[in-house]
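What follows is the residue order along each chain.
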Amino acid sequence: MLKIAIYGKGGIGKSTVTSNLAAAFARLGKSVIQIGCDPKADSTINLLGGKSLKPVIEILREGGEPTRAEEISAEGYCGILCIETGGPTPGLGCAGRGIIATFNLLDELELFEKRKPDVVLYDVLGDVVCGGFAALDGVMLYCREFADSDIDGAFVVIAATDNRELNSHIYRLCTER
């Protein structure tokens, strides 16, 4: 299973890039899961034909106790399984809590063991650097203009994963210079 986090500042097109990568992998016959790790919970909307998906953290906050992956996900374009972590209102609270709560639930549901995806893509808001990411195969930095602070942020994500070998798998994709 290939796990990649696409990481960058808000509003630069990360979700579009992530969704296009998911679609490309799916069209190659790969089983794909896309997990939106942003409080706005809009990462998978293009894959779902414009429909929004209720975030996992909102389901849990309302007292829901999902027992099946279908209760927290939706199947989108080319069979891509879409999940949104959600989180607090932007600027209020730690978005990492929503990510960690979602990842814990995915473990409980044994989603990866049951679904056996070839590729898992994480669409991560650049401000979210606190934990939740383990055993990533790569981090893709997506930016309009590349700055040293973007690399610094990526290394914070890597440090949070406790995956020392990841340093050689940081990819940079910038649309302008």
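A. Highlighting helix α1 (residues 14–27). With 14 residues, α1 ought to run about 20 Å at 1.5 Å a step, and its terminal C-alpha atoms sit 20 Å apart, in line with that. The set of residues buried in α1 consists of Lys-14, Val-17, Thr-18, Ser-19, Ala-22, Ala-23 and Ala-26. Note on α1: the residue one or two positions beyond its end, Gly-29, has a positive phi of about 90°.

B. Spatial organisation of the pairing of strand β5 (residues 119–125). In terms of burial, β5 is a largely internal element, seven of the seven residues being buried. Of the two faces of β5, the one carrying Val-119, Leu-121, Asp-123 and Leu-125 and the one carrying Val-120, Tyr-122 and Val-124 are both buried. Direction of pairing for strand β1 (residues 2–8) relative to β5: parallel, over a ladder of seven bridges. Bridge pairing in β5 places Gly-8 opposite Leu-125. In this sheet, β5 lies alongside strand β2 (residues 32–37) in parallel orientation, the contact comprising six bridges. Looking at β5, one finds that Val-32 is bridged to Val-119.

C. Representation of the pattern of salt bridges. If you walk through the whole model with that rule in mind, you get four salt bridges. Of the charged contacts in the structure, one is a salt bridge between Glu-62 and Lys-54, with a shortest N-O distance of 2.7 Å. A relative accessible area of 38% places Lys-54 in the partly exposed class. Among the ionic pairs, Glu-70 bridges to Arg-68, the shortest N-O distance being 3.3 Å. On the accessibility criterion, Arg-68 (47% relative accessible area) is partly exposed.

D. Molecular detail of the side chain of Thr-85. Topologically, Thr-85 is positioned in the loop between β4 (81–84) and α3 (95–108). Since its relative accessible area comes to 0%, Thr-85 is described here as buried. Apart from the residues within four sequence positions on either side, Thr-85 is in contact with Ile-35, Gly-36, Cys-37, Asp-38, Pro-55, Val-56, Ile-57, Gly-98, Ile-99 and Thr-102.

E. Highlighting the pairing of β2. Of all six residues that make up β2, six are buried, and the element is covered over most of its length. Side chains Val-32, Gln-34 and Gly-36 of β2 all project onto a buried face; the interleaved residues Ile-33, Ile-35 and Cys-37 project onto the opposite face, where all are buried too.

F. View of the nonpolar core. If you look at the biggest cluster of nonpolar residues, it comprises 21 residues, and the most contacted ones within it are Ile-33, Ile-35, Ile-83, Leu-106, Leu-111, Phe-112 and Tyr-122. Broken down by element, this core gets its largest block of residues, four residues, from α3. Setting aside its immediate chain neighbours within four residues, Ile-35 contacts Ile-83, Thr-85, Phe-103, Leu-106, Phe-112, Val-120, Leu-121, Tyr-122 and Asp-123. Ile-4, Ala-22, Leu-48 and Ile-80 belong to the second largest nonpolar core, which has twelve residues in total.

What counts and how
Residues numbered from 1 in each chain as written. Predicted model: local features only at pLDDT ≥ 70, side-chain atom pairs only at ≥ 80, totals over all residues. Heavy atoms only, no water. Helix = DSSP H or I, 4+ residues; strand = E, 2+ residues; numbered from the N terminus. Expected span 1.5 Å × (residues − 1). Buried < 20%, exposed > 50% of the residue type's maximum accessible area, 1.4 Å probe, protein only. Pairing = 2+ DSSP bridges. Salt bridge = Lys/Arg side-chain N within 4 Å of Asp/Glu carboxyl O. Contact = heavy atoms within 4.5 Å. Core = buried A, V, L, I, M, F, W, Y, C linked by side-chain atoms within 4.5 Å.

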